[in-house]
Amino acid sequence: MSWLMRESSRATREVSSNGIVRRMVNLPRSIVGGFSRVMSHGIGRIGIAGRRDQNPIPNFPLQPLQDPLNAPEEWTFLSVYEQQYGSTHPLFYACQFMEALKIAEDEHKFMFMYLHSPQHPFTPSFCWGTLGSELVVQFLDANFVCWGALSDRGEGSQMAVTLQPASFPCCAVIAPAAGNSIAVLQQMEGPISPAELVEILQRTVEEQGLAFGNSRAKEEETTREKAMEEERKRARAKEEEKIRADRQLREEQDAAYLSALKIDKEKEKLNSLLPERKFQKPAGSSSKANYEKLRQNPSQKQFGKSKEVSTVIETANGSRDSQATQILIRFPNGERKEQSFSCSDKIQSVYRYIDSLGLPGVGNYRLISSFPRRVYSVDQMGITLKDAGLHPKATLFLELL
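Residues numbered from 1 in each chain as written. Predicted model: local features only at pLDDT ≥ 70, side-chain atom pairs only at ≥ 80, totals over all residues. Heavy atoms only, no water.

As recorded in an unreviewed UniProt entry, the protein goes by the name UBX domain-containing protein, listed as coming from Salix suchowensis.

Set out below in structure tokens:
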């Protein structure tokens, strides 16, 4: 027998001791075009493989054909082969070359290709003794996707031109490659015994299968890594968007708080100037009159009796009741509420007052004081207004949660 090593389909032949052929060959346009037509119509016949003892296509007669060469191209090889050598042979797929290669790729197997030359003197012994051997049949069916063709017809003749065998029968182990190329991992020509064929095929699977599997595993791992990276990018983008939204919300709340604080300070400044202007009278007779009025009506010394008496007390003493605490509450919508509490009242009293207002849109909230910034939440409910630093007067901002 002779084993041929080629660098390309047009390179000169060199004899090799191990018979392993590793090369890339470009497929003829007609074969590639056939695959394109199959893909555009859907691979309806993929999975069709046959021996004459099976019934893969009900419309195709299983009895011997009178003229096998007039059968459909995909069945011509099987018809010619079985008419001469019977149905004991590997399971050849009755389909186009690229269809069989696609099946092999999907099943993660190599393709075993056999070019059949009926008139070659080595063909009968190879078909009867090697391809008809139970050892070869079982090994090929278990480990390969098999495809056969006549070397002088259709795709078989095109593959013969591509591989340029020096002798027949010609067998090859083929794997898919990028573009319009295939990887010829092993090419065997001439007569070969069943044991030798199985040994060569086994060695090819062991040597090339690991690299083939590793390459596929690497591609799958790369695909998984890309998917994970895209997921991480989406997660980061979502987190960044949440951070931006939270930051914008805090900035808006801080701006509203500072604006309310500025208004409150201006109001306090204005209120502090009004009493001085109101009570600066020339002779001071007003103070004496007020004291005389208080002396004659001592029952009006209590707060809340009248505005006039309250004014007199404030003017005379220079301050309000030392136990009263004035709280101004600012709401997010700009509304303000002012309420007087006792300095011994607790923070909870302020919350109860706000809840009693029944303002729409006010659900869960917390109170925040002005500078220094301090939050009065559930944990501070039991603290008195004085201990909380809100006596005698303070402004609280209501922040929704």
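Asker: Now, about the overall build of the protein: what can you tell me, with residues and values included?
Answerer: A count of helical and extended segments in the protein gives ten helices and 14 strands. Taking the contacts inside the protein whose residues are at least 6 apart along the sequence as the reference set, 66% of them involve residues at least 24 apart. Split by element, the accessible area of the protein, about 23,100 Å² in all, is 51% carbon and sulfur. (Helix = DSSP H or I, 4+ residues; strand = E, 2+ residues; numbered from the N terminus. Contact = heavy atoms within 4.5 Å. Areas by Shrake-Rupley, 256 points an atom, 1.4 Å probe, with all protein chains shown as cover.)

Asker: For the environment of L163, give the residues involved together with the corresponding values.
Answerer: With respect to the helices and strands, the residue L163 is situated in helix α6 (residues 154-163). When the C-alpha atoms of L163 and V184 are compared, they prove to be 8.9 Å apart, with 21 residues separating the residues in sequence.

Asker: Break down the confidence of the model for the protein for me, citing the residues and quoting the values.
Answerer: In this model, the protein carries an average pLDDT of 75, and 67% of its residues clear a pLDDT of 70 or more. Between residues 283-288, whose pLDDT stays under 50, and residues either more than four places distant or in other chains, the model counts one contact. (pLDDT = per-residue confidence, 0-100.)

Asker: Residue-level account of the packing of aromatic side chains, with values.
Answerer: Scanning all chains against the criterion turns up 14 aromatic pairs. Ring centres 6.5 Å apart and planes at 35 degrees place the aromatic pair F92 and Y114 in the tilted group. In this pair, F92 sits in strand β5 (residues 92-93) while Y114 sits in strand β6 (residues 110-116), placing the two residues 22 residues apart along the sequence. Accessibility classification places F92 together with Y114 in one group, the buried group. (Phe/Tyr/Trp six-rings, centres within 6.5 Å; stacked < 30°, edge-to-face > 60°. Buried < 20%, exposed > 50% of the residue type's maximum accessible area, 1.4 Å probe, protein only.)

Asker: Talk me through the environment of L261; I want residue IDs and the actual numbers.
Answerer: Mapped onto the elements of the fold, L261 is located in helix α7 (residues 194-279). On the basis of relative accessible area, L261 is assigned to the buried category, the value being 8%. Measuring from C-alpha to C-alpha, the distance between L261 and R330 comes to 8.7 Å, with 69 residues separating the pair along the chain. Among residues more than four places away in sequence, those in contact with L261 are S370 and F371.

Asker: Which residues make up the pairing of strand β11 (residues 336-342), and what values go with them?
Answerer: Of the pairings in the sheet, the one linking strand β10 (residues 324-330) to β11 comprises seven bridges and is antiparallel in character. Counted as the bridge partner of I329 is K337 from β11. Joining the antiparallel neighbours β10 and β11 is a turn of five residues, in which G334 adopts a positive phi near 95 degrees. (Pairing = 2+ DSSP bridges.)

Asker: Residue-level account of helix α3 (residues 97-106), with values.
Answerer: In terms of burial, α3 is a largely internal element, seven of the ten residues being buried. At the C-terminal side of α3, H108 shows a positive phi close to 55 degrees.

Asker: Describe the sheet that holds strand β12 (residues 365-369), listing the residues and the values that go with them.
Answerer: Pairing in this open sheet of five strands is mixed, and the strands run β11-β10-β14-β12-β13 from one edge to the other. Of all the strands in the sheet, just β11 and β13 (374-376) have a single pairing partner and so form its edges. Mean inter-strand twist for the sheet, computed between neighbouring axes without regard to direction, equals 30 degrees. (Axes fitted to C-alpha atoms, helices over the stretch in contact; angles between N-to-C directions.)

Asker: Describe the pattern of salt bridges, listing the residues and the values that go with them.
Answerer: Inspection of the entire model under this criterion finds eleven salt bridges. Between D264 and R330 there is a salt bridge whose closest N-O contact spans 4.0 Å. Placement of the pair is D264 in helix α7 and R330 in strand β10, with a sequence separation of 66 residues. The residues D264 and R330 share a single accessibility class, namely buried. Close ionic contact of K337 with E335 constitutes a salt bridge, the shortest N to O distance being 3.6 Å. Several salt bridges share partner residues, and in doing so they unite E229, R232 and R236 into one network. (Salt bridge = Lys/Arg side-chain N within 4 Å of Asp/Glu carboxyl O.)

Asker: So, the nonpolar core: which residues are in play, and what are the values?
Answerer: One finds F112, Y114, L131, F144, M188 and L201 to be the most contacted residues of the largest nonpolar core, which totals 31 residues. Where this core is concerned, the elements lending two or more residues are α2 (73-85), β6, α4 (123-131), α5 (134-143), β7 (144-150), β8 (170-176), β9 (181-189) and α7. The leading source of residues in this core is α2, at six residues. In this structure, L131 is in contact with Y81, T88, H89, P90, F92, F112, Y114, F126, V136 and V137, ignoring residues within four places of it in sequence. Judged by nonpolar contacts, the second largest core, of 23 residues, contains L101, W147, A172 and I174. (Core = buried A, V, L, I, M, F, W, Y, C linked by side-chain atoms within 4.5 Å.)

Asker: I'd like to hear about the side chain of E399, residue by residue, with values.
Answerer: Relative to the assigned elements, E399 resides in strand β14 (residues 393-400). Polar side-chain contacts of E399 include one of 2.6 Å to the side chain of R366. Those residues in contact with E399, other than ones at most four positions away along the chain, are Q253, N364, Y365, R366, I368 and R373. (Polar contact = N/O pair within 3.5 Å; in protein donor to acceptor, adjacent residues only side chain to side chain.)

Asker: Explain the packing of α2 against α4 to me, and be specific about the residues and the numbers.
Answerer: Two elements in contact, α2 and α4, have axes separated by 11 Å at closest approach and are oriented at 85 degrees. Relative to α4, α2 is oriented roughly perpendicular. Contact residues: Y81, Q84 and Y85 in α2; T123, P124, C127, W128 and L131 in α4. Residue composition of the contact of α2 with α4, by class: six nonpolar, two polar and no charged. (Parallel < 35°, antiparallel > 145°, perpendicular 65-115°, else oblique. Nonpolar A, V, L, I, M, F, W, Y, C, P; charged D, E, K, R; others polar.)

Asker: Break down the pairing of β8 for me, citing the residues and quoting the values.
Answerer: Burial runs high along β8: six of the seven residues are buried. Direction of pairing for β8 relative to β9: antiparallel, over a ladder of seven bridges. Note that in β9 the partner of P176 across the bridge is I182.

Asker: Break down the side chain of E189 for me, with residues and values.
Answerer: Structurally, the position occupied by E189 is in strand β9. According to the relative accessible area criterion, E189 is buried, its value standing at 2%. Polar side-chain contacts of E189 include one of 3.1 Å to the backbone nitrogen of A166. In this structure the side chain of E189 is engaged in a polar contact, spanning 2.7 Å, whose partner is the side chain of Q187.

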